[in-house]
Amino acid sequence: MKKQLITSALPYVNGLPHLGHLVGCLLPADVYARYQRQRGAEVLFVCGTDEHGTPSEVGAAKEGMDVEAYCKKYHDLHVAMYAGFNLSFDYFGRTSSDQNKEITYRIFHGLEANGLIEEKVTQQVYSPDDNRYLPDSYVMGTCPHCGYDKAKGDQCENCTKVLDPTDLINPRSVLSGSSNIEIRETKHLFLNLPKLEKELEQWIETKKGVWPDIAYSIAKKWLKEGLRERGITRDLKWGFAVPRAGFENKVFYVWFDAPIGYIGITKQWADERPDERRWEDWWMNADAVRHTEFMGKDNIPYHTITFPATLRGTREGWTEVSFLKGMNYLNFAGGKFSKSAHRGIFLDDALAEFPADYWRYWLMANAPESNDTNFTFDSFAMIVNKDLNDVLGNFINRVIKMTVANFGAEVPPTGPMTDAERELYQSLDTLIADYTKYMDGLEFRKAMSVLREIWVSGNNYIARMEPWKVVKTDRAYAGTILRTALNLIRLFAQLSAPVMPETAARMLAIIGEPATFVWPTEKAAVYLDGVPAGRSFTAAEPLFQKIPAERIEALKVQYKETEA
RNA sequence: CGCGGGGUAGAGCAGUCCGGUAGCUUGCCAGGCUCAUAACCUGAAGGUCGGAGGUUCAAAUCCUCCCCCCGCAACCA
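Owing to the predicted nature of the structure, the values given are computational and were not obtained by experimental measurement.

## A closer look at the nonpolar core
Okay, step 1: One finds Leu19, Ile345, Trp359, Phe375 and Tyr435 to be the most contacted residues of the largest nonpolar core, which totals 162 residues.
Okay, step 2: The dominant element in this core, judged by the number of residues it contributes, is helix α12 (residues 377-407), at 14 residues.
Okay, step 3: Contact partners of Phe375, with chain neighbours within four places excluded, come to Leu19, Leu330, Asn331, Phe332, Ala333, Ile345, Trp359, Trp362 and Phe380.
Okay, step 4: Listed in part, the nine residues of the second largest apolar core include Val58, Tyr138, Val139 and Cys143.

## Digging into α12
Okay, step 1: Asn394 marks where α12 bends most, by close to 40°.
Okay, step 2: Phi for Gly408, located one or two positions after α12, is positive at around 80°.

## Section: a negative patch on the surface
Okay, step 1: The grouping of Asp136, Asp154, Asp164 and Asp167 at the surface amounts to a negative patch.
Okay, step 2: Position of Asp164 relative to the elements: it lies in the loop between β7 (151-152) and β8 (169-173).
Okay, step 3: Judged by its relative accessible area of 44%, Asp164 falls in the partly exposed class.

## Points about the packing of helix α16 (residues 475-496) against helix α17 (residues 501-510)
Okay, step 1: It is the contact of α16 with α17, at a shortest axis distance of 8 Å, that shows an interaxial angle of 160°. It follows from the interaxial angle that α16 and α17 lie roughly antiparallel. Considering only the axes of α16 and α17, their crossing is left-handed. For the pair formed by α16 and α17, the contact residues are Ile489, Arg490, Phe492, Ala493, Gln494 and Ser496 on the first element and Ala504, Met507 and Leu508 on the second.
Okay, step 2: Partitioned by chemical class, the residues of the contact of α16 with α17 number six nonpolar, two polar and one charged.

## Things to note about the pattern of salt bridges
Okay, step 1: With the rule as written, the count across this model stands at 40 salt bridges.
Okay, step 2: Its salt-bridge partner being Glu199, residue Arg312 comes within 2.9 Å of it at the nearest N-O pair. Remark: Glu199 occurs in helix α5 (residues 197-205) and Arg312 occurs in helix α9 (residues 300-313); sequence separation between them is 113 residues. This pair shows no difference in class: Arg312 is buried, exactly as Glu199 is.
Okay, step 3: Its salt-bridge partner being Lys220, residue Glu205 comes within 2.8 Å of it at the nearest N-O pair. Taken together, the residues Glu205 in helix α5 and Lys220 in helix α6 (residues 213-225) connect sequence positions 15 residues apart.
Okay, step 4: Judged by its relative accessible area of 33%, Glu205 is partly exposed.

## A closer look at the state of the cysteines
Okay, step 1: For the structure on display, the rule yields zero disulfides.
Okay, step 2: Cysteine Cys25 shares no disulfide, and the gap to the nearest cysteine sulfur, in Cys47, comes to 6.6 Å.

## A closer look at the environment of Val289
Okay, step 1: Along the chain, Val289 turns up in strand β13 (residues 289-296).
Okay, step 2: On a C-alpha basis, the gap between Val289 and Phe190 in space is 30 Å, while along the polypeptide they are 99 residues apart.
Okay, step 3: With near-sequence residues (within four places) excluded, Val289 lies in contact with Lys2, Lys3, Leu5, Asp281, Trp282, Thr319 and Ser322.

## Considerations on the sheet that holds β7
Okay, step 1: On the basis of which strands lie adjacent, the open sheet formed by three strands has the order β7-β6-β8 and antiparallel pairing. The strands lining the two open edges of the sheet, one partner per strand, are β7 and β8.
Okay, step 2: Here two bridges tie strand β6 (residues 139-142) to β7, and the two strands are oriented antiparallel to one another. When the bridges of β7 are listed, Gly141 appears paired with Ala151.

## What about the packing of aromatic side chains?
In this description, a pair of aromatic rings is defined by centroid distance and the angle of the planes.
Okay, step 1: Counted according to the given criterion, the structure contains 31 aromatic pairs.
Okay, step 2: Aromatic side chains Tyr82 and Phe92 sit 5.4 Å apart centroid to centroid with 65° between the ring planes, which places their arrangement in the edge-to-face category. Linking Tyr82 in helix α3 (residues 67-84) with Phe92 in strand β3 (residues 91-94), this pair joins segments that are 10 residues apart in sequence. Across the pair, exposure class does not vary: Tyr82 and Phe92 are buried alike.
Okay, step 3: These aromatic residues form a ring-pair network of at least three members: Phe332, Phe354, Tyr358, Trp359, Trp362, Phe375, Phe377, Phe380, Phe544 and Tyr559.
Okay, step 4: Across from the ring centre of Trp282, 4.6 Å away, lies the NZ or CZ of Lys3, which sits over that ring.
Okay, step 5: Lying across the ring of Tyr253, Arg234 places its NZ or CZ 3.5 Å from the centre.

## Topic: the side chain of His291
Okay, step 1: Note that His291 resides in strand β13.
Okay, step 2: Filtering out sequence-adjacent residues up to four positions away, His291 remains in contact with Leu5, Thr7, Trp283, Thr319, Glu320, Val321, Ser322 and Phe323.

## Quick look at the packing of helix α13 (residues 419-440) against α16
Okay, step 1: Contact geometry for α13 and α16: axes closest at 12 Å, N-to-C directions at 5°. As judged from the angle between their axes, α13 and α16 are roughly parallel. Contact residues: α13 offers Ala420, Glu421, Leu424, Leu428, Ile432 and Tyr435, while α16 offers Tyr477, Ile481, Thr484, Leu488, Leu491 and Leu495.
Okay, step 2: Tallied by class, the residues present in the contact of α13 with α16 amount to 10 nonpolar, one polar and one charged.

The rules behind these values
- Residues numbered from 1 in each chain as written.
- Chains lettered and ligands numbered in written order.
- Predicted model: local features only at pLDDT ≥ 70, side-chain atom pairs only at ≥ 80, totals over all residues.
- Heavy atoms only, no water.
- Core = buried A, V, L, I, M, F, W, Y, C linked by side-chain atoms within 4.5 Å.
- Buried < 20%, exposed > 50% of the residue type's maximum accessible area, 1.4 Å probe, protein only.
- Helix = DSSP H or I, 4+ residues; strand = E, 2+ residues; numbered from the N terminus.
- Contact = heavy atoms within 4.5 Å.
- Bend = angle between axes of the 7 residues up to and from the residue.
- Patch = residues over 30% accessible without salt bridge, like charges linked within 9 Å, V, L, I, M, F, W, Y side chains within 5 Å.
- Areas by Shrake-Rupley, 256 points an atom, 1.4 Å probe, with all protein chains shown as cover.
- Salt bridge = Lys/Arg side-chain N within 4 Å of Asp/Glu carboxyl O.
- Lys, Arg positive; Asp, Glu negative; His and termini not counted.
- Charge placed at Lys NZ, Arg CZ, Asp CG, Glu CD.
- Axes fitted to C-alpha atoms, helices over the stretch in contact; angles between N-to-C directions.
- Parallel < 35°, antiparallel > 145°, perpendicular 65-115°, else oblique.
- Left-handed = near helix turned anticlockwise from the far one by under 90°.
- Nonpolar A, V, L, I, M, F, W, Y, C, P; charged D, E, K, R; others polar.
- Disulfide = S-S within 2.5 Å.
- Pairing = 2+ DSSP bridges.
- Phe/Tyr/Trp six-rings, centres within 6.5 Å; stacked < 30°, edge-to-face > 60°.
- Lys NZ or Arg CZ within 6 Å of the ring centre and 35° of its normal.

Pasting the structure below:
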């Protein structure tokens, strides 16, 4: 079995992450990593904060901090929130690390050696009052096409026309508002993507029908339009210095070193235990590694075109992405979640309202895989109340209570199996095979739908067997039914663990099982005979609590869901 | 004519590659059950598949044109 290298797009350090970030890459990567570990695969799941670039510099200035301290502060906040959601990173690093600098330089020199780096003089907007060069979108002015007075230097939001900052009438800095704007000539380094276009195209073509449509089509779109040379340096202070004469005041562009961060962060991980970990085992070992990347659709061009080109251009044989899981957006109240406007639900708030597993299950069951998806509290409460409380939680509760009432708090002995049990085993075999197939294929919505069906099959079994009646006439057979049901709890825990790790551990604890998770690969009958008769268990509180209607309405108001 | 994704019961989605009686969840209605968190199980009703045209014995599916929603457009990340 190949080693499973799993990466989630690196969240930008500036500001706090929201549910969109969680569902777009972090959470599906975590669910997949947990699934692969449960299957016994050797997994390395890395992520970290993306720290360079203008927004960090500007954000630090706003808070009156130096950039390094600012990034550290937000890095630590990210770490705390992800811990709250039980994201099981093997390492959560930083793109500003020394290790990432080392790898970035190595890759840069490799590209240089192969003649893929070129110098070009470009025109950039400079704001003397801000004392910095401005990215195009940091310049605001009146659109020459439609007269909209808040058009940005890259595009007019009103008429959607693509602009250059120099097109704007009365241009001014978004930061200071100053209209004292200069156009300065400045020299930058470019990666020659056209030279790699052919081989990228051939490579992407092999992903047709393999990767999600959205990943393949976005990559194809860029190739179809023809690749252009791409700037990889910027006139900033915060970032990795460019190791070339004449570039002393410049740094690498954040999009150059951010994806390299996957490798740099792996080296951070390896450097913690150099005697037993080697980053090269993962990144210089392409044949033995399957690399799965998770990201929102906005990141797809960088992970299908520029980053693969960056790695290939060195001719060093880096591990390339094997499967790219591109996700659409999670919307809130009909629009995007927004960091800058603080619109939507942020992770700290989410955890303060409900346990992590409620969110994890809703987000995976409604993952924006083929469409943009709306988050609404109505939908959230419906899924939590129905799937988690009524179907799964109530199943466990009724089985435990019935057993305690009739046999005391210990697992009753099992008599001979009947056709009813055989049918249950067979239907579970089919369902588990489907579930496994969808998890392997990273089709999370479908996987969650089958998981729910699996839970339903437990209720179905109980309803058909009517152990509350059977116990009055055939106590031994009632014991068989209930012990089967108790074993179902164990099986459900194993199958639910990738998406709801805390809940799964609680389910196992109820029936006295240790919290070790192993994926069921044998026939269901084996798993329904695992909890021994006579073992005592602890009757617990219900696993979940319902969200009452008043609470839903209050949440809608509090988080401004109904706002137009 | 910039590019991509989407439009399928009231709501949320699958099915489209490879044409063959349109499926799932929820909601609504009815029945069963009364162990359980007023929960569970079963059944029924509900759709001219965004619109128009074409190909075909047959179109949600293939082709052409049009409409609507969302995203992207390389210096925000």
